[in-house]
Amino acid sequence: MRRPPNAIGDTASDLAESKAAEADLDVFEIVAREDFSEVAFMLEIRHPMIARAARAGQFVIVMSDEHGERIPLTLADFDPDRGTFTLVIQPVGKTTKAMQRDCRPGGRLFSVVGPMGVPSHIDGARKVICVGGGLGVAPVFPQARAFKEAGASVIGVIGFRSENLVFWRDKFEAVCDQLILCSDDGSVGMKGLVTAGIEAAVAEHPDIDEVIAIGPPIMMKACAETTRPLGIKTTVSLNPIMVDGTGMCGGCRVRIGEAIKFACVDGPDFDAHQVDFDDLMNRLRRFSEEERQAVERWSETCRAGVT
């Protein structure tokens, strides 16, 4: 509990620290940016409280400006010592394309809520495979690091369409005992999908306790079907449409076995062998036409502004 300003024992440094902490509550400064490719970029945001509270598997809900929409983004990294957290973003819709254009070091995000969601369960596994496909490579990194810090042996399997899209290879090499890199076109690493990487890892390590897979729903479904006949526990992080992030709106509901769960408060991690991926993918397509129209209107506005 905070003491009143005039309480005995208060010092100037105490008050300065308190004021700094209060200021940190509503300032989300962009301190670094890296463009991995035309379809992926990284933002490092300074907010010490979020950085200290964050755990692997959690997400935040971001508003880039006061008129923008709220979008959920899984934490790709966090550093309590630096007081920062990292987001890796794929510019596919109006908001993320605008963020790609506008978000620069020295600027700020209007709002960030989080960390949200249930942290990934890390304890107990002795040997795990952490699988990331495309942009899913970023959010699986904190999980790979957390498993390594918990004493597990970590095999990383990361996949990209081609070599020019690869990012964070060095970060994974630093926390993985073995890294299997896959590419669709064979331009780097093993040619094939991440499921081929899983099969290669299991063939070499028959004592795998768990597989963690993050990526597009079709990729996570393929990973689940690869591990199902092997009887390997498999966890996926789901990305349904989300509005409020508190379980009130019901927009992020997913079918897990015979139950309905909410990804924002029950997840985002779920048993991959229980997830109804077809229902998830159908729900993700529900507003595709509206999203397309929003991008077109935004693009026309941008062109008009340039003219």
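Because the structure is a prediction, the values reported are computed rather than measured.

Q: I keep staring at the nonpolar core and nothing clicks. Help me out?
A: Nonpolar side chains in soluble globular proteins tend to be buried together. Formed by 35 residues in total, the largest nonpolar core has its most connected members in Ile129, Val131, Val236, Leu238 and Phe277. Not counting the four nearest positions on each side in its chain, Val131 is found in contact with Val140, Val157, Val194, Ile198, Val211, Ile212, Ala213, Ile214, Met219 and Cys223.

Q: Got a minute to help me understand the sheet that holds strand E4 (residues 71-74) in this structure?
A: Strand pairing in a sheet relies on backbone hydrogen bonds. The paired strands run either parallel or antiparallel. Strand order in the open sheet made by the three strands is E4-E3-E7, with antiparallel pairing throughout. Each having just a single partner strand, E4 and strand E7 (111-116) make up the two edges of the open sheet. Averaged over all adjacent pairs, the angle separating strand axes in this sheet is 25°, with direction ignored. Bridge count for strand E3 (residues 59-63) against E4 is four bridges, and the pairing is antiparallel. Pairing of Ile61 across the sheet is with Pro72, part of E4.

Q: Looking at this structure, how should I read the pattern of salt bridges?
A: Side chains that carry opposite charge are capable of pairing whenever their charged atoms lie near each other. Within this structure, the stated rule accounts for 13 salt bridges. Taking the shortest distance from any N to any O, the salt bridge between Asp209 and Arg126 comes out at 3.2 Å. In this pair, Asp209 is assigned in the loop between helix H6 (194-204) and strand E12 (210-214) and Arg126 in the loop between E7 and strand E8 (127-133), connecting sequence segments 83 residues apart. Since its relative accessible area comes to 25%, Asp209 is described here as partly exposed.

Q: What am I meant to see in the packing of aromatic side chains here?
A: Overall, the coordinates contain six aromatic pairs when judged by the stated rule. The rings of Phe36, Phe141, Phe160, Phe167, Trp168 and Phe172 are connected pair by pair, giving a single aromatic cluster. Residue placement shows Arg33 over the ring face of Phe41; its charged tip is 4.8 Å from the ring centre. Over the face of the ring belonging to Phe78 we find Arg145, whose NZ or CZ atom lies 5.2 Å from the ring centre.

Q: When you look at the confidence of the model for the protein in this model, what are you seeing that I'm missing?
A: Any segment with low pLDDT has predicted coordinates that should not be analysed in fine detail. On average, residues of the protein score 84 in pLDDT, and 88% of them reach the 70 mark or higher. Within the model, the stretch residues 1-9 combines pLDDT values under 50 with ten contacts to residues more than four positions away or in other chains.

Q: So what exactly am I meant to see when it comes to the packing of H6 against helix H7 (residues 217-227) here?
A: Think of two packed helices as two axes; the pair is described by the angle between the axes and how far apart they sit. Running from amino to carboxyl end, H6 crosses H7 at an angle of 25°, the nearest separation of the two axes being 9 Å. Judged on the interaxial angle alone, H7 and H6 are roughly parallel. As for how H6 packs across H7, the hand of that crossing is right-handed. Taken together, the residues of H7 that come into contact with H6 (itself represented by Val194, Thr195, Ile198 and Glu199) are Met219, Ala222, Cys223, Thr226 and Thr227. Along the lines of polarity and charge, the residues of the contact of H6 with H7 split into five nonpolar, three polar and one charged.

How each quantity is defined
- All residue numbers here refer to positions counted from 1 along the written sequence of the relevant chain.
- Under the rules for a predicted model, residues below a pLDDT of 70 receive no local features and side-chain atom pairs below 80 are neither given nor counted, while totals for whole chains, interfaces and linings still include all residues.
- The basis for every side-chain value is the complete set of non-hydrogen atoms in the structure, without hydrogens or water.
- We call a set of buried Ala, Val, Leu, Ile, Met, Phe, Trp, Tyr and Cys residues a nonpolar core when their side-chain atoms join them within 4.5 Å.
- To sort residues, take the accessible area from a 1.4 Å probe on protein chains only and compare it with the maximum for the residue type: under 20% means buried, over 50% means exposed, and anything in between is partly exposed.
- We call two residues in contact whenever any of their non-hydrogen atoms come within 4.5 Å of each other.
- A strand pair is defined by DSSP finding two or more bridges across the two strands.
- The helix and strand labels rest on DSSP assignments: H or I over at least four residues marks a helix, E over at least two residues marks a strand, and numbering proceeds from the N terminus.
- All axes are obtained by fitting lines to C-alpha atoms, using only the stretch in contact for helices, and the reported angles, taken between N-to-C directions, cover 0 to 180 degrees.
- Any carboxyl oxygen of Asp or Glu within 4 Å of a side-chain nitrogen of Lys or Arg constitutes a salt bridge here.
- Only rings of Phe, Tyr and Trp enter the pairing, Trp through its six-membered ring, and a pair is recorded when the two centres are within 6.5 Å. The plane angle decides the type: under 30 degrees is stacked, over 60 is edge-to-face, the rest tilted.
- A ring is scored as having a charge over it whenever the NZ atom of a lysine or the CZ atom of an arginine sits within 6 Å of its centre and within 35 degrees of its normal.
- Scored between 0 and 100, pLDDT is the confidence that the predictor attaches to each residue.
- In these notes the angle categories are as follows: under 35 degrees is roughly parallel, over 145 is roughly antiparallel, 65 to 115 is roughly perpendicular, and the rest is oblique.
- Here is the rule for handedness: rotate from the far helix to the near one, and if that takes an anticlockwise turn smaller than a right angle the crossing is left-handed, while a clockwise turn gives right-handed.
- Each residue gets one label: Ala, Val, Leu, Ile, Met, Phe, Trp, Tyr, Cys and Pro are nonpolar, Asp, Glu, Lys and Arg are charged, and the others, such as Gly, are polar.

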